[in-house]
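Residue-level listing of the chains:
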Amino acid sequence: MTTTIAERTRRIAGRAVRITKTDRDAMLPEQPPHREEVRRQLAADAARLHVTDLVREHGSPLFVLDVDRVTTQLLALRRELPDVEIHFATTSLPHPAVIRAVDAFGATFEVESRGEIDLLEREGVAIGRCVHSNPVKSVADITGAYLRGIRTFVVDRHSEIDKFRWLPGVAVLLRLSFPDPAADRDTSEFGVPPEEADALIAHCLRAGLRIAGFTFHVGSQTVSAEPWMRAIHRTLVLMRRLEHEHGIRFDTLDIGGGFPIAYDERVPAFAELARGIRSALAAAPSRYRILVEPGRFVSAPAITLVTRVVGTTERPDGDWAYLDDGVSDAYSNLPSEQAHPLVFAAAELDAQPVREPERARVERRLRARRHRPVTLAGPACDHVDVIARAMPLPTLHEGDLLLSPMMGAYTVVPASGVTGVGPAVVVAA
Ligand SMILES: Cc1ncc(COP(=O)(O)O)c(C=O)c1O
């Protein structure tokens, strides 16, 4: 799309300002539509959350946690999958404010470690409703979880089943694996193929262990309903056969997490995925409880990361800007998950307080619209600490603030602090 002459001409303090050809060329590459959509949403969020005031008060780097987004994501899940029980995947964002929001919503939790159970207990969560999904646990972990009230555990191997022999009242979910070569973040290293379920069922029955049903995870950030539909169909067929052959009745089907969010590219609307999932679940007996374990979908939108430019340079391959945090801490989801978060300058969000003359404000806005590809690097002073290459950004200067949305999933915990103390988390009011 090209701009018209009229659009290229602005009146500043009564004087027409002609935008030069150089300006125009820099403005011509339109923002990719997805980036522009995210920019608008982020601009609104940054203004609502008073992000620049928060940075002034708390410094940078800063994770700004917007707990309302947790609730809106849970509402979307509830609206689109009305008959499922939501077990928030605590690992994705184990923050007390998030735990309280999930609990207040009436959802419960999927846990994988002792530390997560400690956190839930401190926040007064009814632990008995949680599912323990880690298929490999020490006897001490199992006993600790059991004594604190957990009764539903996931197993995927014979040796694990034996660890439950002496615990009355436990029910297990057998984890199945459905490898998806197309998945970005495959999780099929856990679970057994459906063909191996018979042996595990027989082992549970011999051990006197109640089998509630089955669970699987189709892969994190799955962008089509197909993998769920296939997995649900195959699991329901298996459950029907096993019920018939062993004279048992299951009561639970847990379809895991994996619901996607948009980082640097669009993902299908959740309503679209949910339509496919609902149609596959329609074949489940009505007595089955259906569980979901969303992590990323709930937690990613809840955190915006704010960093600051500490230096800039021109190199043979273009402009570089160095930030006060990088892939070892705030952006640890790059190496750990191959996530590609978008980065915006506060100036292009108009998030800086605008107590400036009209002319300066318009000029700043025009400057902010001119994007140049820039490489963003962290403070680690090595070739690994590169956050993004060719990120379209306005010309950056030392001290400028940068914002990345969708930074709530699997970031706060892996942040190692090796380059400093790691970003603080502030809960926006
Ligand atoms: C067992 C289990 N359930 C749920 C989740 C959450 O997955 P996601 O964040 O993709 O929704 C995970 C994460 O890997 C998991 O391992």
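Note that the structure is predicted; figures quoted are calculated from it, not measured.

**Student:** I keep staring at the overall build of the protein and nothing clicks. Help me out?
**Tutor:** Counting its regular elements, the protein contains 16 helices and 18 strands. When the 429 residues of the protein are sorted by exposure, 53% land in the buried category. Here the protein has roughly 19200 Å² of accessible surface; of this, 54% comes from carbon and sulfur atoms.

**Student:** Is there a simple way to explain the side chain of His-203 in this structure?
**Tutor:** Following the sequence through the fold, His-203 ends up in helix α10 (residues 197-207). Contact partners of His-203, with chain neighbours within four places excluded, come to His-158, Ile-161 and Asp-162.

**Student:** What exactly am I supposed to notice about helix α3 (residues 33-48) here?
**Tutor:** Note: α-helices contain 3.6 residues per turn, so residues at a spacing of three or four share the same orientation. The end-to-end C-alpha distance of α3, which contains 16 residues, comes to 23 Å, matching closely the 22 Å that a straight helix rising 1.5 Å per residue would cover. Those residues of α3 that fall on the buried side of the exposure criterion are His-34, Arg-35, Glu-36, Val-38, Arg-39, Leu-42, Ala-43, Asp-45 and Ala-46.

**Student:** Can you walk me through the packing of helix α5 (residues 67-80) against helix α12 (residues 270-281) in this structure?
**Tutor:** The geometry of a pair of packed helices is captured by two quantities: the angle between their axes and the separation between those axes. The geometry of α5 relative to α12 is characterised by a closest axis approach of 10 Å and an angle of 40° between their N-to-C directions. For the crossing formed where α5 meets α12, the hand is right-handed. Here Ala-76, Leu-77 and Glu-80 of α5 come into contact with α12, specifically with Phe-270, Ala-271, Ala-274 and Arg-278. Counted by class, the contact of α5 with α12 contains five nonpolar, no polar and two charged residues.

**Student:** I keep staring at the pattern of salt bridges and nothing clicks. Help me out?
**Tutor:** Any two side chains of opposite charge can pair if their charged atoms end up close together. Taken as a whole and judged by the stated rule, the model has 26 salt bridges. With its nearest N and O atoms 2.9 Å apart, the salt bridge here joins Glu-123 to Arg-100. Here the residue Glu-123 occupies a position in the loop between α7 (114-122) and β6 (131-132), and Arg-100 occupies one in helix α6 (residues 96-105), the gap between them amounting to 23 residues. The partner of Arg-157 in a salt bridge is Asp-156, with the nearest N and O atoms 2.6 Å apart. By relative accessible area, Asp-156 is classed as buried at 5%.

**Student:** I tried to follow the sheet that holds strand β4 (residues 84-89) on my own but got confused; where do I start?
**Tutor:** Pairing between the strands of a sheet is mediated by backbone hydrogen bonds and can be parallel or antiparallel. One closed barrel holds the eight strands; their spatial order is β4-β5-β6-β7-β8-β9-β10-β11, and the pairing between them is parallel. By the bridge criterion, five bridges tie strand β8 (residues 171-175) to strand β9 (residues 210-215) in an arrangement that is parallel. Considered in β9, the bridge of Ala-171 is made with Arg-210. Across the sheet, α6 is in contact with β4 and β5 (108-111); its angle to β5 comes to roughly 130°.

**Student:** It is not clear to me how the site of the ligand should be interpreted in this structure. Could you clarify?
**Tutor:** Around the ligand, a shell composed of 14 residues is seen, among which Ser-220, Gly-258, Glu-293, Arg-296 and Tyr-410 lie nearest. Measuring from an oxygen atom of the ligand, one finds a side-chain N or O atom of His-217 at 2.9 Å. Ser-220 places a polar side-chain atom, nitrogen or oxygen, 2.3 Å from an oxygen atom of the ligand. Protein chains bury 88% of the 400 Å² of accessible surface belonging to the ligand in isolation.

**Student:** Mind showing me how you'd approach the packing of aromatic side chains here?
**Tutor:** One pair of aromatic rings is described through two measures. These are the centre distance and the angle between the planes. Under the counting rule described, the total for this entry stands at nine aromatic pairs. Ring centres of Phe-259 and Phe-270 lie 5.3 Å apart, and the angle between their planes is 75°; on these two criteria the pair is classed as edge-to-face. Residue Phe-259 is located in the loop between β10 (252-254) and α12, and its partner Phe-270 is located in helix α12; the two are separated by 11 residues in the primary sequence. Summarising the burial analysis for this pair, Phe-259 and Phe-270 share the class buried. Aromatic pair Phe-259 and Phe-297: ring centres 6.4 Å apart, planes at 80°, arrangement edge-to-face. Here Phe-259 is found in the loop between β10 and α12, whereas its partner Phe-297 is found in helix α13 (residues 296-299), with 38 residues between them in sequence. Of the two residues, Phe-259 and Phe-297, both sit in the buried class. Site record: aromatic cluster; members linked through ring pairs are Trp-228, Phe-259, Phe-270 and Phe-297. Here the basic side chain of Arg-151 rests over the ring of Tyr-146, its NZ or CZ set 3.7 Å away from the ring centre.

Reading the values: rules and limits
Residues numbered from 1 in each chain as written. Predicted model: local features only at pLDDT ≥ 70, side-chain atom pairs only at ≥ 80, totals over all residues. Heavy atoms only, no water. Helix = DSSP H or I, 4+ residues; strand = E, 2+ residues; numbered from the N terminus. Buried < 20%, exposed > 50% of the residue type's maximum accessible area, 1.4 Å probe, protein only. Areas by Shrake-Rupley, 256 points an atom, 1.4 Å probe, with all protein chains shown as cover. Contact = heavy atoms within 4.5 Å. Expected span 1.5 Å × (residues − 1). Axes fitted to C-alpha atoms, helices over the stretch in contact; angles between N-to-C directions. Left-handed = near helix turned anticlockwise from the far one by under 90°. Nonpolar A, V, L, I, M, F, W, Y, C, P; charged D, E, K, R; others polar. Salt bridge = Lys/Arg side-chain N within 4 Å of Asp/Glu carboxyl O. Pairing = 2+ DSSP bridges. Near = heavy atom within 4 Å. Polar contact = N/O pair within 3.5 Å; in protein donor to acceptor, adjacent residues only side chain to side chain. Phe/Tyr/Trp six-rings, centres within 6.5 Å; stacked < 30°, edge-to-face > 60°. Lys NZ or Arg CZ within 6 Å of the ring centre and 35° of its normal.

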